[in-house]
Amino acid sequence: MSFYVVVGAGPVGRETARLLGEEGHDVVLTSRSVGSNALRNVRAMQADATDASELARVCQGADAIFMCAMATYHRWPTDFFPIIDGTVRAAEAVGAKLIVLGNLYGYGENADSPLRSDLSLNPTSKKGTARTIMWQRAARADVPAIEVRSSDYLGHGAISYFSLVALPSIIEGKPTAFIGNLDATHAWAFTNDVARTLVAASRYTGEWGRAFHVPSQYASPRELIQKTAAMLRQEISEIRSYSIAEMEALGMHELIEMSYLFENPLLVDSSDAEVLLGIKASSLEVMIADTLRDHRRA
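Please read all numbers here as calculations on a predicted model, not as lab measurements. Numbers given for residues are sequential positions, taken from 1 along each chain in its written order. Given that the model is predicted, a residue must reach a pLDDT of at least 70 before its local features are reported, and side-chain atom pairs must reach 80 or more before they are shown or counted; all residues, however, enter totals for whole chains, interfaces and linings. The basis for every side-chain value is the complete set of non-hydrogen atoms in the structure, without hydrogens or water.

Draft legend 1. Structural context of the packing of aromatic side chains. Note on aromatic contacts: the rings of Phe and Tyr and the six-membered ring of Trp form a pair at centre separations within 6.5 Å, being stacked when their planes are under 30 degrees apart, edge-to-face when over 60 apart, and tilted otherwise. The tally for this structure, following the rule as stated, stands at 10 aromatic pairs. Seen from their ring centres, Tyr73 and Tyr161 are 6.1 Å apart, and the 80° between their planes marks the pair as edge-to-face. Note that Tyr73 is positioned in the loop between β4 (64–67) and α3 (76–94) and Tyr161 in helix α5 (residues 161–172), a separation of 88 residues in sequence. Remark: exposure states derive from per-residue accessible area (1.4 Å probe, protein chains only) relative to the maximum for the residue type, with buried under 20%, exposed over 50%, and partly exposed in between. Since its relative accessible area comes to 23%, Tyr73 is described here as partly exposed. Measuring from ring centre to ring centre gives 5.2 Å for Phe178 and Phe262, while their planes differ by 90°; the resulting arrangement is edge-to-face. With Phe178 in strand β8 (residues 176–178) and Phe262 in the loop between α9 (253–258) and α10 (271–276), the pair connects residues that are 84 residues apart, well separated along the chain. Aromatic rings pair up to connect Tyr73, Trp76, Phe80, Tyr105, Tyr161, Phe162, Phe178, Trp188 and Phe262 into one cluster. Each helix corresponds to a stretch of at least 4 residues labelled H or I by DSSP, and each strand to a stretch of at least 2 residues labelled E; elements are numbered beginning at the N terminus.

Right under this line is the structure:
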């Protein structure tokens, strides 16, 4: 069995630690506020990823480090860099492989769809630029690195545009608004599938210094809202899209920057993860049910 460290105790980090622990590995789940933990073979240890020396002590002897930590959304351009730098230096200090949890922002607004994992990164947003720089720093590390890139999350505890903007209204059976083109097909990734892809990527025997895409399911925002409402046995009288003026008035400035993701179809080529890592996407129904774990009516 191996020793792994998962940096970041959000939904994906915890799920990654759970999967590794259930395989019998020795796992440390760490963050600045990791909290309690009852996962099998998983020890919770508090550490600050921006402190490379502190994190290296936690990671001593690790075979691989999973960088799943998040920064506050509007502070990505400032707060993410110390996190990735500290994690990279810790990995180099202990000689551990590095698997980075990323997303699709780095491809930018002008990328061809479906997005391929070998496309050049060409960010057109501040957040996309931050993500691109993070991967560049990891790729330059003195240890092997892989990035696993995911589209928008579905799953229990996941914080995403859907969970923040649409889900509260759906749960209450109220008129629901979302962003962008409500009928544009969009890729949705299940947090469990993201974690499974991270774990599988850590065992990849080919050349590292590359990315994999998380296998996803597809639905337009309208379809996802309707399917979610049906699972809750709710009737939604109206589904509409916020205008830019409404988003500005509501303080959704961070969403405005990234709204291009929902203006046109967002398709993801994950064939490499499916063939080389053996990962298949869970069904959309499973994703929605897990998202609604605490809300679904009996």
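Right, picking up where we left off after that structure.
Draft legend 2. Examining the pattern of salt bridges more closely. A pair is scored as a salt bridge if a Lys or Arg side-chain nitrogen falls within 4 Å of a carboxyl oxygen belonging to Asp or Glu. Per the stated rule, a full pass over the model turns up 18 salt bridges. A salt bridge links Glu172 to Lys174; the nearest nitrogen and oxygen atoms lie 2.7 Å apart. In this structure Lys174 comes out as partly exposed when scored by relative accessible area, which is 43%. Among the ionic pairs, Arg210 bridges to Asp272, the shortest N-O distance being 2.7 Å. A residue pair is termed long-range when its members are at least 10 positions apart, and Arg210 in strand β10 (residues 210–213) and Asp272 in helix α10 qualify at 62 residues. Salt bridges here are not isolated pairs; linked through shared partners, they connect Glu15, Arg18 and Glu22.

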